[in-house]
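Chain by chain, the residues run as shown.
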Amino acid sequence: MADTGALTKRIVKETSRLIQEPVPGITAIPDDGNARYFKVVIDGPSESPYEGGKFKVELFLPDEYPMAPPKVRFMTKLYHPNIDKLGRVCLDILKEKWSPALQIRTVLLSIQALLSTPNPDDFLDADVAEKWKADENGAKMIAREWTHKYANEL
(Lines give C-alpha, C1' and ligand atoms only; values in the text may rest on other atoms or scores of the structure.)
Protein backbone atom coordinates (compact mmCIF):
# COMPACT_ATOMS: atom_id res chain seq x y z
CA MET A 1 0.00 0.00 0.00
CA ALA A 2 1.38 3.41 -0.97
CA ASP A 3 2.11 5.95 1.71
CA THR A 4 -0.49 8.53 0.76
CA GLY A 5 0.84 10.88 3.45
CA ALA A 6 4.23 11.06 1.71
CA LEU A 7 2.59 11.52 -1.68
CA THR A 8 0.47 14.33 -0.33
CA LYS A 9 3.58 15.96 1.17
CA ARG A 10 5.26 15.78 -2.20
CA ILE A 11 2.27 17.37 -3.93
CA VAL A 12 2.16 20.12 -1.30
CA LYS A 13 5.91 20.73 -1.70
CA GLU A 14 5.73 20.83 -5.51
CA THR A 15 2.67 23.11 -5.43
CA SER A 16 4.37 25.47 -3.00
CA ARG A 17 7.45 25.67 -5.21
CA LEU A 18 5.33 26.33 -8.32
CA ILE A 19 3.67 29.25 -6.55
CA GLN A 20 6.84 30.65 -4.93
CA GLU A 21 9.07 30.11 -7.97
CA PRO A 22 6.76 30.20 -10.99
CA VAL A 23 7.99 28.90 -14.31
CA PRO A 24 8.40 31.85 -16.71
CA GLY A 25 5.46 31.95 -19.11
CA ILE A 26 3.42 29.40 -17.13
CA THR A 27 0.79 29.91 -14.44
CA ALA A 28 -0.28 26.81 -12.51
CA ILE A 29 -2.97 27.26 -9.87
CA PRO A 30 -4.17 24.32 -7.77
CA ASP A 31 -7.93 23.90 -7.51
CA ASP A 32 -9.37 24.97 -4.15
CA GLY A 33 -11.33 21.74 -3.81
CA ASN A 34 -8.77 19.27 -5.16
CA ALA A 35 -5.00 19.65 -4.60
CA ARG A 36 -4.37 17.13 -7.41
CA TYR A 37 -6.04 19.31 -10.07
CA PHE A 38 -4.32 22.35 -11.57
CA LYS A 39 -5.58 25.05 -13.89
CA VAL A 40 -2.63 25.98 -16.04
CA VAL A 41 -2.08 28.78 -18.55
CA ILE A 42 0.91 28.51 -20.86
CA ASP A 43 2.00 31.56 -22.83
CA GLY A 44 2.76 30.75 -26.45
CA PRO A 45 6.57 30.76 -26.82
CA SER A 46 8.09 33.71 -28.66
CA GLU A 47 9.21 33.09 -32.24
CA SER A 48 6.74 30.22 -32.57
CA PRO A 49 3.37 30.10 -34.35
CA TYR A 50 1.81 30.13 -30.87
CA GLU A 51 3.42 33.44 -29.83
CA GLY A 52 0.94 35.78 -28.15
CA GLY A 53 -1.47 32.98 -27.30
CA LYS A 54 -2.67 32.00 -23.83
CA PHE A 55 -3.29 28.27 -23.75
CA LYS A 56 -5.48 26.79 -21.03
CA VAL A 57 -4.33 23.37 -19.86
CA GLU A 58 -5.70 20.96 -17.26
CA LEU A 59 -3.19 18.98 -15.24
CA PHE A 60 -4.36 16.21 -12.92
CA LEU A 61 -2.21 14.11 -10.59
CA PRO A 62 -3.60 10.56 -10.38
CA ASP A 63 -3.66 8.70 -7.05
CA GLU A 64 -0.57 6.78 -8.21
CA TYR A 65 1.48 9.99 -8.64
CA PRO A 66 4.51 10.16 -8.59
CA MET A 67 4.70 6.51 -9.69
CA ALA A 68 2.41 7.41 -12.63
CA PRO A 69 2.62 10.56 -14.76
CA PRO A 70 0.21 13.49 -14.53
CA LYS A 71 -2.74 13.58 -16.92
CA VAL A 72 -2.54 16.66 -19.13
CA ARG A 73 -5.06 18.08 -21.59
CA PHE A 74 -5.19 21.30 -23.57
CA MET A 75 -8.53 23.04 -23.13
CA THR A 76 -7.65 25.66 -25.75
CA LYS A 77 -8.01 24.49 -29.33
CA LEU A 78 -4.71 24.58 -31.23
CA TYR A 79 -3.18 23.36 -34.48
CA HIS A 80 -0.25 21.16 -33.47
CA PRO A 81 0.89 17.71 -34.66
CA ASN A 82 1.50 16.45 -31.10
CA ILE A 83 -1.83 17.61 -29.63
CA ASP A 84 -5.07 16.13 -30.90
CA LYS A 85 -8.54 17.63 -31.28
CA LEU A 86 -9.46 16.47 -27.76
CA GLY A 87 -6.44 18.29 -26.31
CA ARG A 88 -4.47 15.14 -25.50
CA VAL A 89 -0.69 15.58 -25.60
CA CYS A 90 1.80 13.21 -27.22
CA LEU A 91 4.88 13.60 -25.04
CA ASP A 92 7.20 10.75 -24.05
CA ILE A 93 7.51 11.83 -20.40
CA LEU A 94 3.73 11.56 -20.06
CA LYS A 95 3.98 7.92 -21.15
CA GLU A 96 6.88 5.46 -21.34
CA LYS A 97 9.62 7.94 -20.35
CA TRP A 98 7.91 8.96 -17.09
CA SER A 99 10.03 8.72 -13.96
CA PRO A 100 9.03 9.49 -10.36
CA ALA A 101 12.07 11.80 -10.29
CA LEU A 102 10.23 14.14 -12.67
CA GLN A 103 7.99 16.84 -11.27
CA ILE A 104 5.02 18.96 -12.27
CA ARG A 105 7.31 21.82 -13.32
CA THR A 106 9.32 19.45 -15.56
CA VAL A 107 6.11 18.40 -17.29
CA LEU A 108 5.01 22.02 -17.77
CA LEU A 109 8.42 23.04 -19.16
CA SER A 110 8.33 20.07 -21.55
CA ILE A 111 4.88 21.05 -22.81
CA GLN A 112 6.05 24.64 -23.29
CA ALA A 113 9.07 23.32 -25.25
CA LEU A 114 6.73 21.16 -27.37
CA LEU A 115 4.93 24.35 -28.43
CA SER A 116 8.29 25.77 -29.53
CA THR A 117 9.31 22.67 -31.48
CA PRO A 118 6.44 20.56 -32.83
CA ASN A 119 7.50 17.04 -33.81
CA PRO A 120 5.49 15.79 -36.81
CA ASP A 121 7.39 12.47 -36.73
CA ASP A 122 5.84 11.54 -33.36
CA PHE A 123 2.35 12.84 -34.06
CA LEU A 124 -1.00 12.48 -32.37
CA ASP A 125 -2.94 14.30 -35.08
CA ALA A 126 -2.08 12.63 -38.40
CA ASP A 127 -3.67 15.33 -40.59
CA VAL A 128 -1.74 18.13 -38.92
CA ALA A 129 1.51 16.11 -39.02
CA GLU A 130 1.03 15.41 -42.72
CA LYS A 131 0.47 19.12 -43.43
CA TRP A 132 3.46 20.03 -41.23
CA LYS A 133 5.74 17.68 -43.20
CA ALA A 134 4.41 18.64 -46.64
CA ASP A 135 4.20 22.41 -46.09
CA GLU A 136 5.73 23.57 -42.81
CA ASN A 137 5.21 27.27 -43.56
CA GLY A 138 1.56 26.66 -44.46
CA ALA A 139 1.06 24.62 -41.26
CA LYS A 140 2.66 27.38 -39.18
CA MET A 141 0.34 29.92 -40.80
CA ILE A 142 -2.69 27.81 -39.80
CA ALA A 143 -1.25 27.44 -36.28
CA ARG A 144 -0.87 31.25 -36.05
CA GLU A 145 -4.46 31.75 -37.28
CA TRP A 146 -5.81 29.27 -34.70
CA THR A 147 -3.71 30.93 -31.98
CA HIS A 148 -5.25 34.33 -32.76
CA LYS A 149 -8.72 32.80 -33.04
CA TYR A 150 -8.78 30.49 -30.01
CA ALA A 151 -5.92 31.38 -27.62
CA ASN A 152 -6.66 34.97 -26.72
CA GLU A 153 -9.31 34.59 -24.02
CA LEU A 154 -8.88 33.44 -20.44
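Residues numbered from 1 in each chain as written. Predicted model: local features only at pLDDT ≥ 70, side-chain atom pairs only at ≥ 80, totals over all residues. Heavy atoms only, no water.

1. Thoughts on the sheet that holds strand 1 (residues 26–30)
Item 1. Spatially, 1-2-3-4 is the arrangement adopted by the 4 strands of the open sheet, whose pairing is antiparallel. Edge positions in the sheet fall to strand 1 and strand 4 (71–74), since each has one partner strand and no second. Ignoring which end each strand starts from, the neighbouring axes of this sheet average 20° apart.
Item 2. Bridge analysis of strand 1 against strand 2 (residues 37–43) gives 5 bridges, and the strand direction is antiparallel. (Pairing = 2+ DSSP bridges. Helix = DSSP H or I, 4+ residues; strand = E, 2+ residues; numbered from the N terminus. Axes fitted to C-alpha atoms, helices over the stretch in contact; angles between N-to-C directions.)

2. Regarding helix 4 (residues 136–150)
Since the α-helix advances by 3.6 residues per turn, residues separated by three or four positions end up pointing in the same direction.
Item 1. Taking 1.5 Å per residue, 15 residues should reach 21 Å; helix 4 reaches 21 Å between its end C-alpha atoms and fits that length.
Item 2. Among the residues making up helix 4, those that are buried are Gly138, Ala139, Ala143 and Thr147.
Item 3. Close packing links the buried residues of helix 4 with strand 3 (54–60) and helix 3 (126–134). (Expected span 1.5 Å × (residues − 1). Buried < 20%, exposed > 50% of the residue type's maximum accessible area, 1.4 Å probe, protein only. Contact = heavy atoms within 4.5 Å.)

3. A short note on the side chain of Thr147
Item 1. Relative to the helices and strands, Thr147 resides in helix 4.
Item 2. Not counting chain neighbours up to four residues away, the residues in contact with Thr147 comprise Pro49, Tyr50, Glu51, Gly53, Phe55 and Asn152.

4. Some words on the packing of aromatic side chains
Item 1. By the definition in use, this model includes 6 aromatic pairs.
Item 2. Look at Tyr50 and Phe55: their rings are 5.9 Å apart centre to centre, the planes differ by 75°, and that puts the pair in the edge-to-face class. Each member of the pair, Tyr50 as well as Phe55, carries the same accessibility label: buried.
Item 3. Their ring planes at 80° and their centres at 5.8 Å tell us that Trp146 and Tyr150 sit as a pair that is edge-to-face. Linking Trp146 with Tyr150, this pair stays in helix 4, spanning 4 residues, or about one helical turn.
Item 4. Note on Trp146: relative accessible area 26%, which makes it partly exposed.
Item 5. For Tyr150, a relative accessible area of 29% puts it in the partly exposed group.
Item 6. When the ring centre of Trp146 is taken as reference, the NZ or CZ atom of Lys77 above it lies at 5.0 Å. (Phe/Tyr/Trp six-rings, centres within 6.5 Å; stacked < 30°, edge-to-face > 60°. Lys NZ or Arg CZ within 6 Å of the ring centre and 35° of its normal.)

5. A word on the pairing of strand 3
Item 1. Every second residue of strand 3 is oriented toward a common face, the buried set being Phe55, Val57 and Leu59 and the non-buried set Lys54, Lys56, Glu58 and Phe60.
Item 2. Pairing between strand 2 and strand 3: 7 bridges, direction antiparallel. Bridged to Val40 within strand 3 is Val57.
Item 3. Here strand 3 runs beside strand 4; their pairing, made up of 4 bridges, is antiparallel. Residue Leu59 lies in a different strand from strand 4, and its bridge partner there is Val72.

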